[in-house]
Amino acid sequence: MNQLEVLRESLGQCDEIILDALLMRNRIVEDIMAYKEANDIPILQPEQEAKQREWLERRMESRRHKAEVEDVFGSITQNSKRIQARKLFNYNIVLIGFMGAGKSTISEFLKTAFAMEVIEMDQIIAEREGMSISDIFEVYGEQYFRDLETNLLIEMQSRTNVVISCGGGTPMRECNVVEMKKNGRVVLLTAKPETILDRVKDSHDRPLIENNKTVPFIAELMEKRREKYEAAADIVIETDGKSELQICEELIHRLRQMDNE
């Protein structure tokens, strides 16, 4: 056996060790999830992830291949999050609510926490049409836009374990709600009209309130939609005065309760 063959054999042995370690690590991730569920411990613990990053930084300080090792550990962390997400949610999470209720913010938090793919309906429709939502309304009208929403929800029936962030008017169509519930749990995020105004006052991509950014107008429109929103929702979460972590922990807890009923 020449030196090259010896080195390749050593490399293969390393690969075996890495593979066994990864399989063991994934089993431990599942065991941790089971323990948290059994003992009603919060699923999201960002401080633990911070400790892992600090540990890796200390271990790799002034070491060769630091960037490559950090890249590998980044992938390991992302895959651990995906394992957690699949264990928690074997369905899609569909976020509904009035504009500014926090759908996009919570979608991004879930993406970071669980490495879940996020489907921002407005964003996807705008990209596919090659124009802003406001321009779609102006050029083609609201009916055309609502049909695009329905078609996208039908398309999502082939997906699972993704977060779908709906536009404010999406749940107003009963056929849309039917599509949401086929393989998803519908989460309604709510906020006070004053909170909504504060969140959207600087946005110019909200055609329904562009010329009516006032608390009374927003309150009136929210009230018109309230019945449809609540009828569509599997769970309702108020977002006023809560951090992203608090909202997501409540979302996870409520969905787990629902799934265990």
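Definitions and cut-offs
- Residues numbered from 1 in each chain as written.
- Predicted model: local features only at pLDDT ≥ 70, side-chain atom pairs only at ≥ 80, totals over all residues.
- Heavy atoms only, no water.
- Axes fitted to C-alpha atoms, helices over the stretch in contact; angles between N-to-C directions.
- Helix = DSSP H or I, 4+ residues; strand = E, 2+ residues; numbered from the N terminus.
- Parallel < 35°, antiparallel > 145°, perpendicular 65-115°, else oblique.
- Left-handed = near helix turned anticlockwise from the far one by under 90°.
- Contact = heavy atoms within 4.5 Å.
- Nonpolar A, V, L, I, M, F, W, Y, C, P; charged D, E, K, R; others polar.
- Patch = residues over 30% accessible without salt bridge, like charges linked within 9 Å, V, L, I, M, F, W, Y side chains within 5 Å.
- Areas by Shrake-Rupley, 256 points an atom, 1.4 Å probe, with all protein chains shown as cover.
- Salt bridge = Lys/Arg side-chain N within 4 Å of Asp/Glu carboxyl O.
- Buried < 20%, exposed > 50% of the residue type's maximum accessible area, 1.4 Å probe, protein only.
- Pairing = 2+ DSSP bridges.
- Domains from an automatic or database assignment.
- Buried area = accessible area lost by both parts, 1.4 Å probe.
- Polar contact = N/O pair within 3.5 Å; in protein donor to acceptor, adjacent residues only side chain to side chain.
- UniProt positions renumbered as here; feature names shortened; annotations may be inferred.
- pLDDT = per-residue confidence, 0-100.
- Phe/Tyr/Trp six-rings, centres within 6.5 Å; stacked < 30°, edge-to-face > 60°.
- Lys NZ or Arg CZ within 6 Å of the ring centre and 35° of its normal.

## Thoughts on the packing of helix H2 (residues 46-60) against helix H3 (residues 66-88)
- As a packed pair, H2 and H3 sit with axes 11 Å apart at the nearest point and diverge in direction by 160 degrees. Judged by the angle between their axes, H2 and H3 are roughly antiparallel. Crossing angle aside, the handedness with which H2 passes H3 is right-handed. From H2, Glu49, Trp55, Leu56, Glu57 and Met60 reach across to H3, where they touch Lys66, Val69, Glu70, Phe73, Thr77 and Lys81.
- Taken together, the residues that form the contact of H2 with H3 break down as five nonpolar, one polar and five charged.

## Re a nonpolar patch on the surface
- A surface patch of nonpolar side chains, about 280 Å² in accessible area, is lined by Met24, Ile28 and Ile32.
- In this structure Met24 comes out as partly exposed when scored by relative accessible area, which is 47%.

## As for the sheet that holds strand E3 (residues 162-165)
- Sheet architecture is open: five strands sit in the order E2-E3-E1-E4-E5, paired in parallel fashion. Looking at the sheet topology across the chains shown, the edges are occupied by strand E2 (117-120) and strand E5 (235-238). The average undirected angle you get between the axes of adjacent strands in this sheet is 25 degrees.
- Relative to E5, strand E4 (residues 184-190) runs parallel, the two sharing four bridges. Looking at the pairing, Val187 lines up with Ile235 of E5.

## Considering the pairing of strand E1 (residues 92-96)
- Within E1, five of the five residues are buried, which leaves it mostly tucked inside the rest of the structure.
- On E1, burial covers both faces: Asn92, Val94 and Ile96 on one face and Ile93 and Leu95 on the other are all buried.
- When E1 meets E3, the two strands line up parallel, connected through three bridges. The residue bridging Leu95 from the neighbouring strand is Ser165, located in E3.

## Quick look at the domain arrangement of the protein
- The assigned domain composition of the protein is domain 1 (3-88) and domain 2 (92-260).
- Its C-alpha centre places domain 1 at a distance of 34 Å from the equivalent point of domain 2.
- Regarding the contact of domain 1 and domain 2, the summed buried area is about 1,200 Å², with carbon and sulfur atoms giving 60% of it.
- There are one salt bridge connecting domain 1 and domain 2.
- The partner of Arg256 in a salt bridge is Glu37, with the nearest N and O atoms 3.8 Å apart.
- Joining domain 1 to domain 2, the criterion identifies four residue pairs in polar contact (both at pLDDT 80 or more).
- Looking at the side of domain 1 that touches domain 2, the elements with two or more residues in it are helix H1 (3-38) and H3.
- Among the elements that line the side of domain 1 that touches domain 2, the one with the most residues is H3, at seven residues.
- Among the residues making up the side of domain 1 that touches domain 2, the classes are represented as seven nonpolar, two polar and six charged.

## Describing the UniProt feature "binding site: substrate" (unreviewed entry) in the protein
- Residues annotated by UniProt as "binding site: substrate" (unreviewed entry) correspond here to Asp122, Arg146, Gly168 and Arg225.
- Within the secondary structure, Asp122 is located in helix H5 (residues 121-129).
- What makes Asp122 partly exposed here is its relative accessible area of 27%.
- With residues up to four places along the chain from it excluded, the contact list for Asp122 reads Ile133, Phe145, Glu149 and Gly167.

## Here's the deal with the confidence of the model for the protein
- When pLDDT is averaged along the protein, the result is 91; 96% of the residues meet or exceed 70.
- Mean pLDDT across the secondary structure elements of the protein bottoms out at helix H9 (residues 193-200), with 86, and peaks at E1, with 97.

## Observations concerning the packing of aromatic side chains
- Enumeration over the complete set of coordinates arrives at five aromatic pairs.
- The interplanar angle of 90 degrees and the centroid separation of 5.8 Å between the aromatic rings of Phe89 and Phe114 together place this pair among those described as edge-to-face. Of this pair, Phe89 sits in the loop between H3 and E1 while Phe114 sits in helix H4 (residues 103-114); the two residues are 25 residues apart in sequence, bridging distant segments of the chain. With respect to burial, Phe89 and Phe114 carry one shared label: buried.
- Put simply, the rings of Phe89, Tyr91 and Phe114 pair up and form one aromatic cluster.
- The side chain of Arg185 reaches across the aromatic face of Tyr91, ending 4.3 Å from its centre.

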